[in-house]
Amino acid sequence: MFTSKRRHFWKACVLGAAALAAVACTVHPAGEREARQAARVEGKPYKRPFEKREVPQLPADATPEQMVQHALLTNAEVEAKYWDWRAMVEQVPQAGTQKSGVELSFETMITNGNSALEDTTLAIGNDAMNALMLPGKLGSEAAVALREAQAAGLRFDRSRYVLRNKVLGTYYDYALAAELVRLEEANTRLLELSAKVTESRLSTGTATQVEMLKAGNAAELSRNEAAMQKSKLAPARAMINALLNRPADAPLDVPATLPAASTVAMEDDVLLQRVAANNPELKALAAEVAGKKEAITRAKLEYLPDFNVNFSSDLAGMTQTLMGSVVIPYLRHEALEAGVKQAVARMRAAEAIQRQAAHELNARVIGDLAMLRDAQRQVELLDRTLVPRAQQIVTASQNAYASGVPGAGGGGSGGMGGGMGGGEAARGGGTPGLLDLLDSQRSLITLQRMRAELQIEQARQLADLEEVAAGPLGK
């Protein structure tokens with residue numbers, strides 16, 4: 001008899017616990033599994049602590065794309081965005097689980113210092129401070145959390161394109177500074193030679209003291225410009241190394257040439273459509289808007305009641321009690337109505353931010369395209385007309401100076417050198433002067449400097465477009 005009662009008792013306890021477990025199950029919204037799997041895949045580089053990771057060594061002569069790939073593996077800011085995403089993914093099951101825990105309690109009657117099993121009651125139920133919610137509420141909360149996790153994942157994706165743009169932009173600064181150093185050093189050599197020629201002419205009376213002082217100042221200014229450009233190399237290298245998560249003085253060769261010029265390989269309207277469809281920030285904002293809409297549904301579900309469940313039995317197994325209660329939110333109707341309106345307001349705000357972001361991105365794309373094409377136009381003008389013509393002038397000046405043909409070369413490029421060169425030619429019976437040749441060479445260097453800056457500007461604008469379009473665009 002006693003064994004049978006105890007069996008009934010334990011059976012009742014198991015049934016009560018099962019009933020609580022049934023209502024306490026976690027609700028998993030559609031898409032959670034895919035989001036979790038995507039986070040696992042993208043998190044493979046971060047699986048081990050940074051100190052224990054095997055990161056490939058970056059060669060000193062690394063290409064820009066090698067630098068980008070290294071940065072994606074090591075950059076701390078991008079890694080932080082990943083862990084933010086992972087944290088948001090783990091919020092989803094928390095949102096889809098009952099907030100109430102299981103509460104165990106017992107009560108015993110003590111008479112004259114003694115108690116009996118039939119006078120002792122064991123109860124199991126949910127935490128009375130947190131009522132059990134209907135599965136629909138849990139599902140809605142989990143759906144909101146999932147949308148936030150998806151937005152965090154898209155912003156992690158965006159951070160990688162932002163990093164790529166930063167690495168390429170810093171590398172372009174490094175390459176441009178190196179090219180300007182080379183060009184200015186060539187200009188300095190020409191100006192120093194020009195100053196020596198002017199000094200020698202002063203001794204023969206074919207130049208003035210003012211001309212000699214101007215020539216000396218021009219050479220000093222050119223040396224200063226070359227030194228200033230050289231001073232930009234170390235900070236640019238340090239900035240690249242910072243993005244690559246390396247020591248600031250880690251070896252990185254000075255680029256020997258400028259990056260090849262490229263342009264967009266699609267029509268403007270196609271590019272704008274691609275940005276609208278692929279831009280991670282726009283997609284993240286769309287996920288947030290979807291989450292705000294789901295939050296409205298969740299706020300409306302607050303009108304539905306919550307409930308409590310409690311099961312108790314005496315230890316003798318003779319008496320069992322099942323109790324339940326329903327929490328009706330009747331007295332909170334104004335607060336619930338305000339909650340729905342608040343959720344709607346937040347959705348409207350998110351929609352407004354989404355619209356504005358789309359307009360700003362379109363403006364950014366149009367601005368980048370305009371600057372890229374203008375730089376491209378100027379580069380083509382320099383390559384097609386101005387640089388070849390300047391090279392012809394240099395060649396003609398060299399030939400004329402070498403042959404001493406009267407009236408050939410000189411004076412065409414203007415400026416201080418051209419003026420002094422013409423004077424020398426006049427005093428020498430029309431023979432072209434060395435200063436005219438030097439001046440034409442300096443004019444060519446000026447055009448080459450302009451072309452280098454335009455080529456880098458073109459590369460920067462393309463990298464910015466590739467960031468907003470979330471992919472390569474060049475051809």
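Look up a bit, the structure's there.
The rules behind each value
All residue numbers refer to positions counted from 1 along the written sequence of the respective chain. For a predicted model such as this one, the threshold for reporting local features is a pLDDT of at least 70, and the threshold for listing and counting side-chain atom pairs is 80 or more; totals across whole chains, interfaces and linings nevertheless cover every residue. Only heavy atoms go into the side-chain values, all of them from the structure, while hydrogens and water stay out. Helix and strand assignments follow DSSP, with helices taken as H or I runs no shorter than four residues and strands as E runs no shorter than two, numbered in order from the N terminus. Residues adjacent in sequence count toward polar contacts only when both atoms are side-chain atoms; beyond that, a polar contact is any pair of N or O atoms within 3.5 Å, and within protein one must be able to donate a hydrogen and the other to accept it. The axes are straight lines fitted to the C-alpha atoms, using for helices just the contacting stretch, and the angles between their N-to-C directions are given from 0 to 180°. The cut-offs work like this: below 35 degrees is roughly parallel, past 145 is roughly antiparallel, 65 to 115 is roughly perpendicular, and the gaps in between are oblique. Two residues form a contact once any of their heavy atoms are found within 4.5 Å. Note on residue categories: nonpolar means Ala, Val, Leu, Ile, Met, Phe, Trp, Tyr, Cys or Pro, charged means Asp, Glu, Lys or Arg, and polar means any other residue, Gly included. Exposure classes here rest on a 1.4 Å probe applied to the protein chains alone. A residue is buried below 20% of its type maximum, exposed above 50%, and partly exposed in between. Two strands form a pair only when DSSP identifies at least two bridges running between them.

**Q** Just checking my understanding: could you explain the side chain of Asp306 for this structure?
**A** In this fold, Asp306 is placed in strand E3 (residues 306–314). A polar side-chain atom of Asp306 sits 2.9 Å from a polar atom in the side chain of Lys137.

**Q** Could you clarify how one ought to interpret the environment of Ala370 in this entry?
**A** By the secondary structure assignment, Ala370 is in helix H10 (residues 333–403). For Ala370 and Gln461, which are 91 residues apart along the polypeptide, the C-alpha to C-alpha distance reads 9.2 Å.

**Q** Can you help me understand the packing of helix H8 (residues 268–278) against helix H12 (residues 434–469) in this one?
**A** If you want to describe how two helices pack, look at the angle between their axes and the distance between the axes. Running from amino to carboxyl end, H8 crosses H12 at an angle of 45 degrees, the nearest separation of the two axes being 8 Å. Judged on the interaxial angle alone, H12 and H8 are oblique. Residues Leu271, Arg274, Val275 and Asn278 of H8 touch H12, and the partners they reach there are Leu465, Val468 and Ala469. Across the contact of H8 with H12, the residue classes break down as five nonpolar, one polar and one charged.

**Q** Explain the pairing of strand E1 (residues 102–108) to me, please; I cannot follow it from the model alone.
**A** Counting buried residues in E1 gives zero out of seven residues, a small share hidden from the surface. Here seven bridges tie E1 to strand E2 (residues 120–126), and the two strands are oriented antiparallel to one another. Following the sheet pairing, Glu107 is matched in E2 by Thr121.

**Q** Just checking my understanding: could you explain the sheet that holds E3 for this structure?
**A** Strand pairs in the sheet, formed through backbone hydrogen bonds, run parallel or antiparallel to each other. The antiparallel open sheet is built from four strands, whose spatial order is E1-E2-E3-E4. Because the sheet does not close on itself, it has two edges, and the strands there are E1 and strand E4 (320–327). The sheet shows a mean angle of 15 degrees between the axes of neighbouring strands, taken without regard to direction. Two strands pair when backbone bridges link them, and E2 and E3 are joined in this way by five bridges, in the antiparallel orientation. From the neighbouring strand, Gly125 faces E3, where its bridge partner is Asn310.

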